[in-house]
Amino acid sequence: MEKIRSTTVLAVVHNGEVAIGADGQATMGNTVAKNHVRKIRKMLDGKIVTGFAGSTADAFTLLERFEEKLNAYGGNMKRASIELAKDWRTDRYLRKLEAMMIVANKEETLIISGTGDVLEPENGIAAIGSGSNYALSAALAMRKHAAHLSAEEIVREGLTIAADICIYTNHNFIIEKPV
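Note that the coordinates shown come from a computational prediction; the quantities given were computed from them, not determined experimentally.

## A word on the UniProt feature "active site" (unreviewed entry) in the protein
Per the UniProt annotation, the sites labelled "active site" (unreviewed entry) are Thr-7. Assignment of secondary structure puts Thr-7 in the loop between strand S1 (4-6) and strand S2 (9-14). Of the residues examined, Thr-7 reaches a relative accessible area of 3% and is grouped as buried. For Thr-7, the contacting residues outside a window of four places in its chain are Asp-23, Gln-25, Lys-39, Phe-52, Ala-53, Ile-128, Gly-129, Ser-130, Tyr-168 and Thr-169.

## Overview of the pairing of strand S6 (residues 40-43)
In this structure, S6 lies alongside strand S7 (residues 48-55), joined through 4 bridges in antiparallel fashion. Looking at the pairing, Lys-42 lines up with Val-49 of S7. Between S6 and S7, which pair antiparallel and follow one another directly, the connecting turn spans 4 residues, one of which, Leu-44, has a positive phi of 50°.

## Considerations on the packing of helix H1 (residues 56-72) against helix H2 (residues 77-90)
Their axes nearest at 8 Å, the elements H1 and H2 cross at an angle of 130°. The angle between the axes of H1 and H2 places the two elements in the oblique class. Classified by chirality, the crossing of H2 by H1 is right-handed. Taking contact as the criterion, the partners of Leu-62, Arg-65, Phe-66, Lys-69 and Leu-70 in H1 are, on H2, Met-77, Ala-80, Ser-81, Glu-83, Leu-84, Asp-87 and Trp-88.

Here is what the cut-offs are and how they apply
- Residues numbered from 1 in each chain as written.
- Predicted model: local features only at pLDDT ≥ 70, side-chain atom pairs only at ≥ 80, totals over all residues.
- Heavy atoms only, no water.
- UniProt positions renumbered as here; feature names shortened; annotations may be inferred.
- Helix = DSSP H or I, 4+ residues; strand = E, 2+ residues; numbered from the N terminus.
- Buried < 20%, exposed > 50% of the residue type's maximum accessible area, 1.4 Å probe, protein only.
- Contact = heavy atoms within 4.5 Å.
- Pairing = 2+ DSSP bridges.
- Axes fitted to C-alpha atoms, helices over the stretch in contact; angles between N-to-C directions.
- Parallel < 35°, antiparallel > 145°, perpendicular 65-115°, else oblique.
- Left-handed = near helix turned anticlockwise from the far one by under 90°.

So, in structure tokens, the structure goes:
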């Protein structure tokens, strides 16, 4: 049985605001399995927003573990991310999970990977998934040449450009901002 996979997630910190968005497509092999997958989740009453790319079932497992870590560390997103990454790398079950996550609050954005990495993008833009390089490039260009745009507008346009190029990304976007 082929794994169901999900695709492009983009987060932008710009002009004092943070926005994170994702497309809605899930593919099984080279076939579109679903067009309206919700890859963005709010946690802690909307203070933290997460996005995932990769195997959907694996991502939900990681989201549950991340929420447990948030609760265990009093909502400290960076500490919860580091502890999740440690578990992800060392736990025999978690090590086999195939997904990546972006987590964001009003102050910072982090990428969490299964290799034990917790990365804070230097440029304030994070992207994961099959269309990530397209979305990242578009967002970098917009932030540089269209500084008047909001973080949400940059995310929407970055995802649109990725969806126009990447066959694993569609135009059904969900974009959220942490409160």
